[in-house]
Amino acid sequence: FADGVRHLASIGHHRIGTVSHLMNNLNNSCRGFSEEEYMEFLHYNGLEATPELFHWTPYTQEAIRQAIRRMMLGPMPPTAIMCFSDFYAIHVYEALNELNIKIPEQVSVMGFCGYPGGQFLNPPLSTVDLMYENIGRSAAELMLRSSEWFGTGEKPITIFTPHKIIPRESISSLNEYEFRTAGTGV
């Protein structure tokens, strides 16, 4: 998730809105960050860390729609939106379309997970691809070797799996964004 935000920053976005999943308990986290930690992460990376750009949102079309309306209709809308998942991004697309806000001409959108259907959205969704096939393969290999680690009293195994940024047409550099919106009042 952090690498998706860093990618948006690397192409010039410094005012990045975030739509994160709201759990039904008080232990909400934004892909491993508490809200305070996420704001520190943004600040540390030279990005605007303001509460109006961060929304805990249940996974419902209406809740996501309302979060996007609050972000985009405010006095300083973000130039990019980082979504909790590609499935959140689908509803972000719908909300932006309802507001007649063009992706990426007026705001870039980045998803997270690598949902294969994201490539068929209009425009195709940029995402942090978690490469689920590698995760599945690693899990199967680990289970096949369970006699080596199960019940041994050793510390639990931690496996880090690779991910990759897949930039598609839903994002553009801020320089392109500034050029397209110059004089439009957006």
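The structure we're discussing is the one just above.
Notes on the structure follow. (Residues numbered from 1 in each chain as written. Predicted model: local features only at pLDDT ≥ 70, side-chain atom pairs only at ≥ 80, totals over all residues. Heavy atoms only, no water.)

1. Observations regarding the packing of helix α3 (residues 61–72) against helix α4 (residues 86–98)
(1) Moving on: α4 packs onto α3 with a crossing angle of 55 degrees between their chain directions and a minimal axis gap of 9 Å. Considering the angle they form, α3 stands oblique to α4. As for how α3 packs across α4, the hand of that crossing is right-handed. Every residue of α4 that contacts α3 at Gln61, Ile64, Arg65, Ile68, Arg69 and Met72 is listed here: Tyr88, His91, Val92, Glu94, Ala95, Leu96 and Glu98. (Axes fitted to C-alpha atoms, helices over the stretch in contact; angles between N-to-C directions. Helix = DSSP H or I, 4+ residues; strand = E, 2+ residues; numbered from the N terminus. Parallel < 35°, antiparallel > 145°, perpendicular 65-115°, else oblique. Left-handed = near helix turned anticlockwise from the far one by under 90°. Contact = heavy atoms within 4.5 Å.)

2. Let's talk about the state of the cysteines
Disulfides are covalent bonds that connect the sulfur atoms of two cysteines.
(1) Moving on: In this structure the tally under the stated criterion is zero disulfides.
(2) Moving on: No disulfide involves cysteine 30; its nearest neighbouring cysteine sulfur is the one of cysteine 83, lying 11 Å away.
(3) Moving on: On the basis of relative accessibility, which here comes to 0%, the residue cysteine 30 falls in the buried class.
(4) Moving on: For cysteine 83, which is in no disulfide, the shortest distance to another cysteine sulfur is to cysteine 113 and amounts to 11 Å. (Disulfide = S-S within 2.5 Å. Buried < 20%, exposed > 50% of the residue type's maximum accessible area, 1.4 Å probe, protein only.)

3. Describing the environment of alanine 67
(1) Moving on: Mapped onto the elements, alanine 67 comes out in helix α3.
(2) Moving on: Judged by relative accessible area, alanine 67 falls into the buried class, the value being 0%.
(3) Moving on: Residue contacts for alanine 67: discarding those within four places in its chain leaves His55 and Thr57.

4. Considerations on the packing of aromatic side chains
(1) Moving on: Within the structure shown, the criterion is met by 11 aromatic pairs.
(2) Moving on: When the centroid spacing of 4.9 Å and the interplanar angle of 85 degrees are considered together, the rings of phenylalanine 54 and tryptophan 56 count as edge-to-face.
(3) Moving on: A ring pair is formed by tryptophan 149 and phenylalanine 150, whose centres lie 6.1 Å apart and whose planes are at 85 degrees; its orientation type is edge-to-face.
(4) Moving on: Classification of phenylalanine 150 as exposed rests on a relative accessible area of 65%.
(5) Moving on: By the ring-pair criterion, three or more aromatic residues cluster together here, those being Phe1, Phe33, Tyr38, Phe41, Phe54, Trp56 and Phe112.
(6) Moving on: In this structure, arginine 31 is placed above the aromatic ring of phenylalanine 84, and the distance from its NZ or CZ to the ring centre is 3.7 Å. (Phe/Tyr/Trp six-rings, centres within 6.5 Å; stacked < 30°, edge-to-face > 60°. Lys NZ or Arg CZ within 6 Å of the ring centre and 35° of its normal.)

5. A word on the pattern of salt bridges
(1) Moving on: Throughout the structure, instances matching the rule amount to seven salt bridges.
(2) Moving on: One salt bridge in this structure joins arginine 65 and glutamate 98, with 2.7 Å as the shortest N-O distance. In this pair, arginine 65 is assigned in helix α3 and glutamate 98 in helix α4, connecting sequence segments 33 residues apart.
(3) Moving on: Overall, the relative accessible area of 42% leaves glutamate 98 in the partly exposed class.
(4) Moving on: Residue arginine 69 pairs with glutamate 98 through a salt bridge whose shortest N-O separation is 3.7 Å. (Salt bridge = Lys/Arg side-chain N within 4 Å of Asp/Glu carboxyl O.)

6. Quick word on the sheet that holds strand β4 (residues 108–113)
In any sheet, the strands associate via hydrogen bonds between backbone groups, in a parallel or an antiparallel arrangement.
(1) Moving on: Spatial ordering of the open sheet is given by β2-β1-β3-β4-β5-β6, a layout of six strands whose pairing is mixed. Two strands lie at the open edges of the sheet, namely β2 (54–57) and β6 (164–166), each paired on one side alone. Adjacent strand axes in the sheet meet at a mean angle of 20 degrees, parallel and antiparallel pairs treated alike.
(2) Moving on: Summarising the sheet, strand β3 (residues 80–83) and β4 pair through three bridges and their orientation is parallel. Looking at β4, one finds that isoleucine 81 is bridged to valine 109.
(3) Moving on: Along the sheet face, α3 touches β1 (16–21), β2 and β3 and points at about 170 degrees away from the line of β2.
(4) Moving on: Of the strands in this sheet, β1, β2, β3, β4 and β5 (126–129) are in contact with α4, which crosses β4 at around 155 degrees. (Pairing = 2+ DSSP bridges.)

Note that every value here comes from positions in space, so none of it alone points to a role or purpose.
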